[in-house]
Amino acid sequence: MEESFFITLEGFEGSGKTTLAEILYKILLKNGLKTVLAKEPGGTIIGDKIRKIVLERGNEELGYKAELLLFAASRAENVRINIKPSLEKGFIVICDRYFDSTTAYQGFGRGIDMSIIECINSFVVEDIIPDLTLFLDVDSQVGLQRATIYNKNLELRFEDEFLQKKEVDGKLFLERVRDGYYQIARQNPDRIKIIDANRDISLLIKDIIEVLNFRLSQKYKKEIILKLPN
Ligand SMILES: Nc1ncnc2c1ncn2[C@@H]1O[C@H](COP(=O)(O)OP(=O)(O)OP(=O)(O)O)[C@@H](O)[C@H]1O
Ligand SMILES: [Mg+2]
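First things first, this report covers the structure right here in the doc. It should be emphasised that the depicted structure is a prediction, and the values quoted were computed from it without experimental measurement. (Residues numbered from 1 in each chain as written. Chains lettered and ligands numbered in written order. Predicted model: local features only at pLDDT ≥ 70, side-chain atom pairs only at ≥ 80, totals over all residues.)

**Considering the overall build of the chain**
From N to C terminus, the chain includes nine helices and seven strands. C-alpha extents for the chain along the principal axes are approximately 50 × 35 × 35 Å. Per-residue burial for the chain yields a buried fraction of 39% across its 230 residues. Taking the contacts inside the chain whose residues are at least 6 apart along the sequence as the reference set, 76% of them involve residues at least 24 apart. (Helix = DSSP H or I, 4+ residues; strand = E, 2+ residues; numbered from the N terminus. Buried ≥ 20, exposed ≤ 12 C-beta atoms within 10 Å, placed from the backbone. Contact = placed C-beta atoms within 7 Å.)

**A word on the environment of I120**
One can find I120 in helix α5 (residues 114-125). In sequence terms I120 and L69 are 51 residues apart; their C-alpha atoms lie 8.3 Å from each other. When neighbours within four sequence positions are excluded, I120 is seen to be in contact with L68 and A72.

**A short note on the site of ligand 1**
The immediate surroundings of ligand 1 are formed by 14 residues, with G16, T18, T19, R146 and Y150 found nearest. Of all elements in the fold, only α1 (17-30), α6 (140-150) and α9 (201-220) reach the threshold of two or more residues within the shell around ligand 1. Within the shell around ligand 1, the residues separate by chemical class into five nonpolar, six polar and three charged. (Near = placed C-beta within 6 Å. Nonpolar A, V, L, I, M, F, W, Y, C, P; charged D, E, K, R; others polar.)

**Topic: the sheet that holds strand β7 (residues 192-196)**
Read from one edge to the other, the open sheet built from five strands follows the order β2-β3-β1-β4-β7, with strand pairing classed as parallel. Two strands lie at the open edges of the sheet, namely β2 (35-39) and β7, each paired on one side alone. Taking the axes of each pair of neighbouring strands and ignoring which way they run, one obtains an average angle of 20° across the sheet. Here strand β4 (residues 132-137) pairs with β7 via five bridges, running parallel. Bridge pairing in β7 links L134 to K193. (Pairing = 2+ DSSP bridges. Axes fitted to C-alpha atoms, helices over the stretch in contact; angles between N-to-C directions.)

**Comments concerning the nonpolar core**
Judged by nonpolar contacts, the single largest core of 51 residues is most densely connected at V93, I94, L134, L136 and V177. Residue contributions to this core peak at six residues, all from helix α3 (residues 64-88). Beyond its immediate sequence surroundings of up to four residues, V177 is in contact with F12, A104, Y105, F108 and G109. (Core = buried A, V, L, I, M, F, W, Y, C linked by C-beta atoms within 7 Å.)

**Structural notes on α3**
The first and last C-alpha atoms of α3 sit 34 Å apart over 25 residues, in line with the 36 Å expected at 1.5 Å per residue. Taking the largest bend as the criterion, α3 deviates by roughly 50°, centred on V79. If you check which residues of α3 are buried, you get L68, F71, A72, S74, R75, E77, N78, V79, N82, I83, S86 and L87. For α3, the secondary structure elements touched by its buried residues are β1 (5-11), β2, α2 (45-55), β3 (92-96), α4 (99-109) and α5. Of the residues trailing α3, G90 is marked for its positive phi of about 85°. (Expected span 1.5 Å × (residues − 1). Bend = angle between axes of the 7 residues up to and from the residue.)

Here it is in structure tokens:
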């Protein structure tokens with residue numbers, strides 16, 4: 001996996017993961033780099049079915065254990081079918097959410113024992129660990145507003161729980177997830193770069209490309225300077 005590079009985007013609802021993953025994908029292709037775009041949950045035939053179950057409104061009765069295992073099952077398929085083979089072929093892989101989401105939502109958010117989360121995460125991904133994770137840090141109210149106002153589909157199960165001010169052990173579910181992300185970032189300073197995602201998209205892209213130039217140059221052992229579209 002000499003020339004491969006694995007980037008994941010993480011963060012709260014409406015932080016801009018999907019938008020930025022797509023922009024970044026186009027920039028890397030324009031710069032002549034072999035790149036694939038992946039997303040979680042989903043991205044495979046089974047994964048897309050799981051996505052509907054875990055994200056769509058109407059599945060409120062889904063329990064935490066089943067939710068954790070469904071996300072894990074979707075990821076296992078994504079790693080097996082998309083991510084690992086692409087990295088082995090030397091592609092850059094951009095993945096919209098990955099195992100940090102499980103740690104943030106099911107671990108810190110739902111309160112499932114962290115040793116179980118770590119065990120399932122490592123069972124699923126094995127050695128497929130991101131080279132770089134961009135944590136898009138958005139104010140939760142800004143993020144929720146973006147996610148609910150612009151969302152054109154039914155993928156609002158988590159948004160509904162946040163808007164209902166659901167609590168877990170006396171603390172808002174939303175705050176548990178957000179604080180969880182900060183803890184994950186603090187625990188993995190070499191892998192995770194925190195990006196202030198409250199700003200204009202063009203500024204975020206500029207920051208991300210700067211980080212990427214540095215990290216790609218480091219990994220490929222030659223200077224990489226990505227050109228931005230005009
Ligand atoms: N920095 C930004 N400034 C203003 N609007 C933004 C910004 N980033 C994203 N948006 C808009 O907010 C909406 C949600 O963004 P997006 O779907 O990329 O978020 P997400 O992190 O993928 O959310 P989710 O976790 O729900 O999938 C989109 O309509 C997008 O255009
Ligand atoms: Mg998204």
